[in-house]
Amino acid sequence: MKAIDFRSDTVTLPTEGMKEAMLNAPLGDDVFSEDPTVNRLESHLAECFGKEAALFCASGTLTNQLAIMGHTSPGGEVICHVESHVYKYEGGGIGRNSHCSVKLLNGNRGRIEAHQLADALNNPLDVHLPMTQLVSIEDTANRGGGAVYDLNEIAKIRTFCDAHKLPLHLDGARVYNALAVNKCPPLNYGKYYDSISICLSKGLGAPVGSVLIGTKEFIQKARRNRKVMGGGMRQAGMLAAAGLYALENHVERLQEDHLHARALETCLHEQPWIDYCLPVETNIVVAVLKEPNSRDTVIATLANKGIRCMAFGPGMLRFVTHLGISSSDIDQTVEAIKTSTFM
Ligand SMILES: *Cc1c(COP(=O)(O)O)cnc(C)c1O
């Protein structure tokens, strides 16, 4: 029995078409900026989001960390959500790589609000305080269960950043899931940010890779820092080809993942052992159990039925839909959930 794996949208395997694109990609040495396929991916994404340049990296952690390094200097401070990936899941990289502290904000489902920024900003004339140097937001917000930012809120955050000469970074690991919901063309969406990190290896289904985009000068600095950190790759066009293929073939189908996530939410919501689900907006379903202590039993019981989901905090489960999950997988999962009882 093939497991239906909802643990993450990173578990996708390359499709036949993607593998063919990878095999046929023209290659060169990307540390010399001579890999035509990497160059094509970088210029394509920069152009899509209306930026000057882009940099292909091995992971979203690397693109986020290079962005933070590029925008800050030691002793600075980054404003971000308390549950943001850049703070919570990057191994303390803000401190370790950029020597900066963080000002952590609470906010609805992983999103900050513009009105919180005035209090979070340190007075640059007060020598006691670290200099606020960057605002970083996440869209969609993973810990918020794939919540999407309201475009008006992003515009207000941008206005605040402009008024205080602060750069704004987007952790856009799942930015295409956000764009599928807010219907904003990437070119318009890109205007809000100084830099954007985009993962090709999440719902888009590439095996490896993230892209950082920004100004030419910012990307040149990131290119240098990527090399320093050992992240310069040679014939990386094989991987970039997977990313280009994903952008061409797997963006529109994200809507399907969102419908699948809704179906899963509806089913989970009806179960007596589920307290509630975070309202699904994209491809992530976060379910809260009535009996928090039953979490690991639920995970193990579902795993025995070939359905894999992940612990997402005390009493919480996360299911993520992606291109490895078909409509019949969803039907099968719904059936398995309906016939399971934990009370
Ligand atoms: C997955 C993810 C990243 C990057 O993760 P990598 O595994 O390093 O590619 C960054 N931000 C968010 C919100 C993510 O979900």
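Look above for the structure.
Throughout this document, residue positions are counted from 1 along each chain, in the order its sequence is written. Given that the model is predicted, a residue must reach a pLDDT of at least 70 before its local features are reported, and side-chain atom pairs must reach 80 or more before they are shown or counted; all residues, however, enter totals for whole chains, interfaces and linings. Think of the side-chain values as coming from all heavy atoms in the structure, minus any hydrogens and water.

1. Considerations on the sheet that holds strand E2 (residues 53-57)
By definition, the strands of a sheet pair up through backbone hydrogen bonds, in either a parallel or an antiparallel sense. Read across the open sheet, the seven strands follow the order E2-E8-E7-E6-E5-E3-E4; overall the sheet is mixed. Each edge of the open sheet carries a strand with a single partner, namely E2 and strand E4 (101-105). Direction aside, the axes of adjacent strands within the sheet are offset by 20° on average. For two strands to count as paired, DSSP must find a minimum of two bridges between them. In this description a helix means any DSSP run of H or I spanning at least four residues, a strand means any run of E spanning at least two, and both kinds are numbered starting from the N terminus. Pairing between E2 and strand E8 (residues 210-214): five bridges, direction antiparallel. Looking across to E8, one finds that Cys57 is bridged to Ser210. Sitting on the sheet, helix H2 (residues 36-48) touches E2, strand E7 (195-199) and E8, and the angle it makes with E2 is about 130°. A fitted line through C-alpha atoms serves as each axis, taken over the contacting stretch for helices, and the angle formed by two N-to-C directions is quoted from 0 to 180°. Note on contacts: a residue pair qualifies if any of its non-hydrogen atoms lie within 4.5 Å across the two residues.

2. Details of the side chain of Glu265
If you trace the backbone, Glu265 turns up in helix H12 (residues 254-269). In this structure Glu265 touches Cys277, Leu278, Pro279, Val280 and Val285, once residues within four positions along its chain are discounted.

3. What about the site of the ligand?
Nearness of a residue to a molecule or strand requires only that one of the residue's heavy atoms be within 4 Å of it. Around the ligand, the neighbouring residues are Ser59, Gly60, Thr61, Asn64, His85, Glu138, Asp171, Ala173, Arg174, Cys199 and Lys202. Residues adjacent in sequence count toward polar contacts only when both atoms are side-chain atoms; beyond that, a polar contact is any pair of N or O atoms within 3.5 Å, and within protein one must be able to donate a hydrogen and the other to accept it. Contact distances for the ligand include 2.8 Å between an oxygen atom and a backbone N or O atom of Gly60. Between the ligand and Arg174 there is a distance of 3.0 Å, counted from an oxygen atom to a side-chain nitrogen or oxygen. Each accessible area is a Shrake-Rupley result for a 1.4 Å probe, and residues are judged covered by the shown protein chains and nothing else. Computed on the free molecule, the ligand has an accessible area of 380 Å², of which 84% lies beneath the protein chains in the complex. Among the detected pockets, the ligand sits in the second largest pocket. Three classes are used: nonpolar for Ala, Val, Leu, Ile, Met, Phe, Trp, Tyr, Cys and Pro, charged for Asp, Glu, Lys and Arg, and polar for all others, with Gly counted as polar. Partitioned by chemical class, the residues of the shell around the ligand number two nonpolar, five polar and four charged. Think of a 1 Å grid over just the protein atoms. A cavity is a set of points where a 1.4 Å probe fits yet cannot get out, a pocket is an open set with protein on both sides within 12 Å along at least five of seven lines, and lining residues have an atom within 4 Å of a point. For a cavity or pocket, the test is whether more than half of a molecule's atoms lie within 2 Å of its grid points; if they do, the molecule sits there.

4. A look at helix H13 (residues 295-304)
All of the buried residues in H13 are Val298, Ile299 and Leu302. Down the axis of H13, the sector holding all buried residues measures 100°, keeping them to one side. Those residues of H13 hidden inside the fold are in contact with strand E10 (284-289), strand E11 (307-308), strand E12 (310-311), strand E13 (316-320) and helix H14 (327-338). Phi for Gly306, located one or two positions after H13, is positive at around 85°. Between buried and exposed lies partly exposed: a residue is buried under 20% and exposed over 50% of the maximum accessible area for its type, with that area taken using a 1.4 Å probe on protein chains only. Taking the helix axis as origin, the arc is that swept by the directions to the C-beta atoms.

5. Description of the environment of Asn283
With respect to the element layout, Asn283 can be found in the loop between strand E9 (274-277) and E10. By relative accessible area, Asn283 is classed as buried at 0%. Separated by 57 residues in sequence, Asn283 and Ser340 have C-alpha atoms that sit 23 Å apart. Non-local contacts of Asn283, meaning those with residues more than four positions away in its chain, are made with Asp9, Arg174, Asn177, Asp257, His258, Ala261, Phe319, Val320 and Thr321.

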